[in-house]
Amino acid sequence: MPQVQLQFTSHRKACKECRRLRLGCDREVPCYNCKRRGCSTICPEGTLEKGARSRSTIIVELQETIAELRNWNYLLEEALNTLQASISSQPHPLLRDRKPSKLSGSPIYGHSPTVDEEEVLDALGTFAIRGDSGEVTSLYGPTATTEYLVRENPSLLPNFMERSDSPMSLPADIVLLSALFPFPPEPVPIEKLDDFVPHLPPYKTVIFLSELYYANYAWCSDPIIRPVFMASVVAECYPGKEPAGSLRRVSSHILSILFMLCGLGVLANPQETRRFVMAEEYHALARAALCIHPIYENPTISAVQSMTIMLHYHISTERRSNGYTLALWSVMGRLCETLGLNYDQRKLKTGCSEVREQAFWEAMNLDSWQAFNSGRAKSLNFKVITCKRPIDPDPHPGGGWFTWKHDFTAALDIVAEKAFREKGSTYSLIQLYEHELRVLTPPPSMAWPAESEKAVALGGSANPTRAMQRSLTKASFETALLHLHRWFFVQAIREMPENPFDHPFSHSVKTVIDSSHALIETLHCIYQYQPTVTACFRPLWTHAFSAAMVHGTFVVSCPHNPEAHSALLSLDTVCELFQASELITVHSLQSLKLLIRLREDAHQAWSERRASTSQVAETLRFWTNIPNPYGDATQ
């Protein structure tokens with residue numbers, strides 16, 4: 001035994017690093033704490049210098065640098081290939097017989113993947129949104145929807161749209177209080193609640209806006225059902241159906257629910273030309289109201305309900321960055337944890353268990369899909385959940401929308417965790433995960449109707465809620481399949497553009513194209529029968545944009561393929577829907593601009609029946625922001 005180990009064992013003292021950090025040392029050499037922190041070499045007599053980084057931190061930084069350099073290397077190769085093609089028919093010497101690098105997380109263009117490889121590398125996620133100088137400014141996960149890769153450009157703001165940061169009809173003190181949300185530095189006097197009285201909308205306006213909210217948004221996510229809203233919110237703020245003269249007896253969190261619900265309601269009113277600015281004003285009032293009684297000092301179920309509606313508002317408008325929304329979800333997660341909403345509410349004997357269960361499960365479901373669409377980890381990620389689901393109000397056999405969305409979301413969380421975040425994924429496992437999703441069939445009341453039944457099942461104004469729920473049931477399933485196979489589809493297009501259906505990943509190519517067709521057909525059909533509600537619901541358009549990018553890439557890269565014509569028709573359909581929709585937000589205009597440019601390239605490639613080298617390079621460059629989330633998952 002080495003001398004240093006004998007000395008350490010005989011004295012039975014903790015190592016110096018554990019003593020410095022005041023950690024419990026197991027008195028082994030090296031000890032468990034030093035091994036876990038990546039500093040085994042200094043145990044037991046050494047200590048880390050102040051500010052020294054662990055080995056794991058350095059490894060993560062190196063992995064990020066490697067991924068960035070890999071992306072830049074591919075872009076340079078594509079640029080060199082394009083330049084060489086313009087001056088010579090011979091390949092450039094630097095591009096000849098390129099062998100795969102050990103650092104490459106994906107097969108090199110022009111080489112088929114080896115199906116015998118089992119090694120799986122760590123997934124870094126999706127680098128996206130590059131600044132003008134080329135630096136990476138955001139990191140999204142491998143499931144991030146395609147719209148998150150669109151560069152934000154303030155110059156795309158339409159002339160009629162007022163900026164969201166200029167609702168000047170609000171007093172400066174309320175705007176400042178809103179800016180301090182969710183952590184005001186000092187307590188706010190209760191008398192400040194009376195400053196909100198002039199901003200209470202008339203009673204009839206509240207009823208009208210609440211009807212718009214429950215018709216256009218609550219069918220998907222409803223943290224506070226209408227009877228509870230009328231009894232606990234409207235009745236408190238409007239005694240005798242008139243605005244209250246003083247709000248000091250009203251909880252500021254209840255007041256926040258009122259403003260936030262009105263904000264989404266006015267957003268769904270196409271007759272209101274200033275609806276975007278008015279919605280942002282209601283949003284600012286709701287944020288300011290939550291600061292009167294800070295949520296970290298006075299956590300309430302009303303705060304959870306208000307913030308859930310607020311997060312739905314951010315999903316619908318996308319005026320705030322994804323980072324802001326993620327931070328807000330984190331606050332929501334800690335709020336739910338403080339209130340103990342993940343535990344069985346009936347055993348807590350707190351009363352109103354149904355209200356708490358409704359709020360918790362709606363927040364959980366919305367967080368799961370926001371995490372999946374942005375590629376981020378869940379914020380409401382509890383190890384123990386004993387809270388019971390509320391009873392599904394749908395009387396049909398097998399339940400309805402409420403049962404389906406929670407069952408499917410739970411299964412999708414498990415599949416996403418296995419496929420994108422755990423080590424060891426192989427192509428055969430990806431196909432197995434796909435099978436796990438396909439066996440989850442929706443209840444009969446949520447099934448997508450046959451062609452002959454669509455007019456009755458989706459049309460008319462009798463039950464638009466069920467029509468929209470059916471469309472989202474269909475879109476959710478197809479979106480999950482598209483994201484599961486998206487990277488394999490891109491690899492097949494890159495490596496065998498002449499016929500990707502002969503590629504080892506041909507199953508992924510077929511699955512992605514079929515799912516993209518289904519997403520676009522679903523949006524086209526539901527918009528035909530329910531245009532007003534569909535225009536307000538942002539996720540359906542986000543999924544359709546991802547599908548359109550798939551079709552555009554396929555046509556530009558493989559214009560001679562028999563499937564290219566149907567893909568081109570689907571791309572035309574999406575562009576027409578985006579142009580016709582009343583959903584005019586900054587992000588949708590950016591998406592439309594990109595789709596129109598892609599459609600022009602696709603039509604040119606289709607008419608010439610050949611793939612332009614520059615167009616293919618430009619289109620595939622968009623997908624280079626998506627590194628391999630599976631490693632060498634090729635078996």
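Residues numbered from 1 in each chain as written. Predicted model: local features only at pLDDT ≥ 70, side-chain atom pairs only at ≥ 80, totals over all residues. Heavy atoms only, no water.

Asker: Is there a simple way to think about the packing of helix 5 (residues 172-179) against helix 9 (residues 275-292) in this case?
Answerer: The packing of two helices is summarised by the inter-axis angle and the distance between the axes. Relative orientation of the contacting elements helix 5 and helix 9 amounts to 75 degrees, with a least axis distance of 7 Å. Between helix 5 and helix 9, the interaxial angle falls into the category roughly perpendicular. In this structure, helix 5 uses Ile174, Leu177, Ser178 and Ala179 to contact helix 9, whose residues at the interface are Ala284, Leu285, Arg287, Ala288, Cys291 and Ile292. For the contact of helix 5 with helix 9, a count of residues per class yields 8 nonpolar, 1 polar and 1 charged. (Axes fitted to C-alpha atoms, helices over the stretch in contact; angles between N-to-C directions. Helix = DSSP H or I, 4+ residues; strand = E, 2+ residues; numbered from the N terminus. Parallel < 35°, antiparallel > 145°, perpendicular 65-115°, else oblique. Contact = heavy atoms within 4.5 Å. Nonpolar A, V, L, I, M, F, W, Y, C, P; charged D, E, K, R; others polar.)

Asker: Honestly, the pattern of salt bridges in this entry has me stumped. Any pointers?
Answerer: Between side chains of opposite charge, a pair can form when the charged atoms approach closely. Summed over the entire model, instances satisfying the criterion amount to 14 salt bridges. In this structure, arginine 20 engages glutamate 17 in a salt bridge whose closest nitrogen and oxygen atoms are separated by 2.8 Å. Taken together, the residues arginine 20 and glutamate 17, both in helix 2 (residues 16-21) and 3 residues apart, mark about one turn of the helix. Given the relative accessible area of 2%, glutamate 17 is considered buried. Its salt-bridge partner being lysine 405, residue glutamate 362 comes within 2.8 Å of it at the nearest N-O pair. Residue glutamate 362 is found in helix 13 (residues 353-374), and its partner lysine 405 is found in helix 14 (residues 401-421); the two are separated by 43 residues along the sequence. Each member of the pair, glutamate 362 together with lysine 405, is buried. (Salt bridge = Lys/Arg side-chain N within 4 Å of Asp/Glu carboxyl O. Buried < 20%, exposed > 50% of the residue type's maximum accessible area, 1.4 Å probe, protein only.)

Asker: Looking at this structure, how should I read the environment of methionine 468?
Answerer: With respect to the helices and strands, methionine 468 occurs in helix 17 (residues 464-495). Note on methionine 468: relative accessible area 0%, which makes it buried. Sequence separation between methionine 468 and glutamine 530 is 62 residues; the distance between their C-alpha atoms is 7.9 Å.

Asker: Help me understand the confidence of the model for the protein chain in this model?
Answerer: Low-pLDDT portions of the prediction should not be read for the details of their coordinates. Within the protein chain, residue pLDDT values average 78, and 76% of them lie at 70 or more. Between residues 1-10, whose pLDDT stays under 50, and residues either more than four places distant or in other chains, the model counts 11 contacts. Confidence drops under a pLDDT of 50 for residues 97-139, and excluding neighbours within four residues, the segment shows 111 contacts in the predicted structure. (pLDDT = per-residue confidence, 0-100.)

Asker: Sorry, what's going on with empty space enclosed by the protein here?
Answerer: In this approach a probe as big as a water molecule rolls over the atoms, and the regions it shows empty are the leftover space. What the rule picks out here adds up to 4 cavities of 30 Å³ or more. Considered as a void within the structure, the largest cavity measures approximately 250 Å³ in volume. Cys220, Asn365, Trp369, Leu472 and Phe537 are the residues nearest the centre of the largest cavity, which is lined by 19 residues in total. Within the residue set of the lining of the largest cavity, elements represented by two or more residues are helix 10 (301-317), helix 13, helix 14, helix 17 and helix 20 (538-557). A per-class count over the lining of the largest cavity returns 10 nonpolar, 8 polar and 1 charged. (1 Å grid on protein atoms, 1.4 Å probe; cavity = no way out; pocket = protein on both sides within 12 Å on 5 of 7 lines; lining within 4 Å. Points joined across faces, edges and corners; volume = space filled by probe spheres on them.)

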